[in-house]
Every structure is written in structure tokens, then in C-alpha cells.
Amino acid sequence: MEVSRIIAEIDAQIVKLQQARALLAGTTATTKRTGPGRPKGSKNTAATAAATAPRKRKLSPEGRKRIADAMKKRWAERRKQNAKG
């Protein structure tokens, strides 16, 4: 027997066993994974993730000026330290 044929038969048996397990467990959902990634029909898609993502914060002009002034002060202190050393 070829290896690919053996693998195909094992995969078929796995699907049958998963269906039997689902029936015994009381669930009718039988999902077959075809590859990596999110299953089709998933609730958590990119569109819903973007809608629930936190909104980007905006800086007020006063806040932006405070940050700019603080950075200028920091750079001035750094230049002063470099001039001494």
C-alpha cells in the first residue's frame, strides 16, 4: 500500500470516529479541520474585532504643548551634561 493511501484511510476513520463521538456526547457539531487558522463562520472576525477595538486617543493642543515643553527641557539638560563631560 502507498503511504498516501494509508493516510487517506486513517483520515477517513478519524472523521467517522469524530462523528460517532459527537453523537454520543450529544452534540451535532462535526467540524473537520482543513488547515490552520480560524474556522469559517467564526464570530470573531476582523470586522467585529475592529468594531470592538478601543478607539485611538487624541491629544489636546495643550497636552501636546506640555509634552513638547517637557522634551525640550529634557534635551536642554542632556546637552548641558554633555558639555560638562
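Scroll up to find the structure this text is about.
Visitor: Quick question: what am I supposed to make of the overall build of the chain here?
Guide: Helix and strand content of the chain: 3 helices and 0 strands. Element order for the chain, N to C, with α for helix and β for strand: α-α-α. Counting across all 85 residues of the chain, residues that qualify as buried make up 2%. By element, 57% of the accessible surface of the chain is carried by carbon and sulfur atoms, the whole surface being about 8700 Å².

Visitor: I'm lost on the pattern of salt bridges in this one. Help?
Guide: Where charged atoms of side chains with opposite charge meet at close range, the side chains can pair. By the definition in use, this model includes 2 salt bridges. Across the salt bridge formed by K65 and D69, the nearest N and O atoms sit 3.1 Å from each other. Taken as a pair, K65 and D69 lie in helix α3 (residues 61–84) at a separation of 4 residues, close to a single helical turn. Given a relative accessible area of 53%, K65 falls into the exposed group.

Visitor: Sorry if this is basic, but what is going on with a nonpolar patch on the surface here?
Guide: Judged by side-chain polarity, I6, I10 and I14 come together as a nonpolar surface patch covering roughly 230 Å² of accessible area. Counting through the fold element by element, I6 comes out in helix α1 (residues 3–25). Of the residues examined, I6 reaches a relative accessible area of 34% and is grouped as partly exposed.

Visitor: Mind showing me how you'd approach α3 here?
Guide: Helical geometry note: an α-helix holds 3.6 residues per turn, so side chains three or four residues apart project in the same direction. Over its 24 residues, α3 extends 35 Å from the first C-alpha to the last, a length consistent with the 34 Å expected when each residue adds 1.5 Å. Buried residues are scarce in α3, accounting for 1 of its 24 residues.

Definitions and cut-offs
- Residues numbered from 1 in each chain as written.
- Predicted model: local features only at pLDDT ≥ 70, side-chain atom pairs only at ≥ 80, totals over all residues.
- Heavy atoms only, no water.
- Helix = DSSP H or I, 4+ residues; strand = E, 2+ residues; numbered from the N terminus.
- Buried < 20%, exposed > 50% of the residue type's maximum accessible area, 1.4 Å probe, protein only.
- Areas by Shrake-Rupley, 256 points an atom, 1.4 Å probe, with all protein chains shown as cover.
- Salt bridge = Lys/Arg side-chain N within 4 Å of Asp/Glu carboxyl O.
- Patch = residues over 30% accessible without salt bridge, like charges linked within 9 Å, V, L, I, M, F, W, Y side chains within 5 Å.
- Expected span 1.5 Å × (residues − 1).

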